[in-house]
2 protein chains.
Amino acid sequence: MRRGNPWICKRMREEGMRMTQARAIILNIFAGNQGEHFSAQEIFFIAHRINPGIGFATVYRTLDLLAQMGIIQKLEFGDGLTRYEMTEAMENVPHHHHLVCTECGKVIDYTEFTDEEKELFAKVEKELSEKYKFKIKNHIIQFCGICNNCGERR
Amino acid sequence: MRRGNPWICKRMREEGMRMTQARAIILNIFAGNQGEHFSAQEIFFIAHRINPGIGFATVYRTLDLLAQMGIIQKLEFGDGLTRYEMTEAMENVPHHHHLVCTECGKVIDYTEFTDEEKELFAKVEKELSEKYKFKIKNHIIQFCGICNNCGERR
DNA sequence: TGCATTATTGATAATAATTATCATTTTTAT
DNA sequence: ATAAAAATGATAATTATTATCAATAATGCA
């Protein structure tokens, strides 16, 4: 049976890995909810509704795997949960960053100003990778502060 | 007894908090090692050498407190440990960002190109805080990739 | 299509970082 | 010096993540 994005299937095949039901389901969750950042728990519950056989360990393993492959990206907003979202390397994922409220944990995605950012970061990435012999795969940009709601509650 | 940075003492006093021995020791560790990012464990061991009475819970509590006050900043590099470093709001802390190896966890600080970054980010922060009514306190910028060592080992 | 090989899975136990509890100790203002 | 309240340390509790291992499912090939 062939499932999910053929490009990803191919890449897995090439490295001796298999495109399994669990992996396809988890990939679909990300593909169908671009711009959302899921914790392992959230992925588990959604996946579990689709196929109740899926276990927690598989979710963690799959998230690790997809992150290693550069398909999803690890994010940490400071609330103790690791979250994941599709990388910009994937189709249809717009360049965006995050605004994180350090009080309530709320996360806002923003896409403004990113053309300028994009240019600057492309330049910085190039120079840094040369200077430090570092192969840069992605970047994380977060603005931390207090959101509207939390700010008013004082 | 008066201890540590007078400005910080004052701020604590104003909010009904006290400048204690433990807090002064932990503050000194950060002040004396700018640009380093410490995990709670590391802070515990260093503080413990200075005053073996200090307990783990106090370290966690103090780190939380200093982060709330904007004196230190929480960082997560994806290895499961939360780390902290002095914020740029503090004296003598240069503007810098991080290069994180997703393979071995190595972190390189860099300070290049940050003048341009600084300008752009000042602008972005201003616009974002207006648009989203968000009071921005700091930002986190990380480039993730594979370091020299890990890249060669294949 | 059926079969053998082997990656993957699910259930569960183990690990490890962080948080909560509470009696005791320190700090501070008076 | 003392009373009031904040902070501490020891430890238990919580919780996210990782490791283990027998059972299962995916793949390549006949």
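Structure: see above.
A few points on the structure.

Notes on the protein's contact with DNA strand D
DNA strand D sits among 25 residues. The nearest are Tyr60 of chain A together with Arg23, Gly53, Thr58 and Arg61 of chain B. Considering the 4 Å shell around the protein, atoms of DNA strand D inside it are sugar or phosphate in 70% of instances. Tyrosine 60 of chain A is positioned with one of its side-chain polar atoms (N or O) 2.7 Å from a phosphate oxygen of DNA strand D. In the environment of DNA strand D, a phosphate oxygen lies 2.8 Å from a nitrogen or oxygen atom belonging to the side chain of threonine 20 of chain B. Those elements giving two or more residues to the surface near DNA strand D turn out to be α4 (56-68) of chain A together with α2 (21-31) and α4 (56-68) of chain B. A breakdown of the residues in the surface near DNA strand D according to their chemical character gives nine nonpolar, nine polar and seven charged.

Describing the relation of the copies chain A and chain B
Superposing chain A onto chain B takes a rotation of 180 degrees combined with a translation of 0.0 Å along the rotation axis, leaving an RMSD of 0.1 Å. Read as a symmetry element, the transformation amounts to a two-fold axis. The C-alpha atom lying nearest the rotation axis in chain A is that of isoleucine 141 of chain A; the distance is 2.3 Å. Counting the interface residues of chain A, we find that 100% of their copies in chain B are interface residues as well, pointing to one common contact surface.

What about the nonpolar core?
Grouped together as the largest cluster of nonpolar side chains are 30 residues, with contacts concentrated most on Leu99 and Phe143 of chain A together with Leu99 and Phe143 of chain B. Secondary-structure elements contributing two or more residues to this core are β4 (97-101), β5 (107-110), α5 (114-132) and β6 (135-146) of chain A together with β4 (97-101), β5 (107-110), α5 (114-132) and β6 (135-146) of chain B. With near-sequence residues (within four places) excluded, leucine 99 of chain B lies in contact with Leu128, Tyr132, Phe134 and Ile136 of chain A together with Lys106, Val107, Ile108, Tyr110 and Phe143 of chain B.

Calculation rules
Residues numbered from 1 in each chain as written. Chains lettered and ligands numbered in written order. Predicted model: local features only at pLDDT ≥ 70, side-chain atom pairs only at ≥ 80, totals over all residues. Heavy atoms only, no water. Near = heavy atom within 4 Å. Polar contact = N/O pair within 3.5 Å; in protein donor to acceptor, adjacent residues only side chain to side chain. Helix = DSSP H or I, 4+ residues; strand = E, 2+ residues; numbered from the N terminus. Nonpolar A, V, L, I, M, F, W, Y, C, P; charged D, E, K, R; others polar. Least-squares fit on C-alpha atoms with pLDDT ≥ 70 in both. Contact = heavy atoms within 4.5 Å. Core = buried A, V, L, I, M, F, W, Y, C linked by side-chain atoms within 4.5 Å. Buried < 20%, exposed > 50% of the residue type's maximum accessible area, 1.4 Å probe, protein only.

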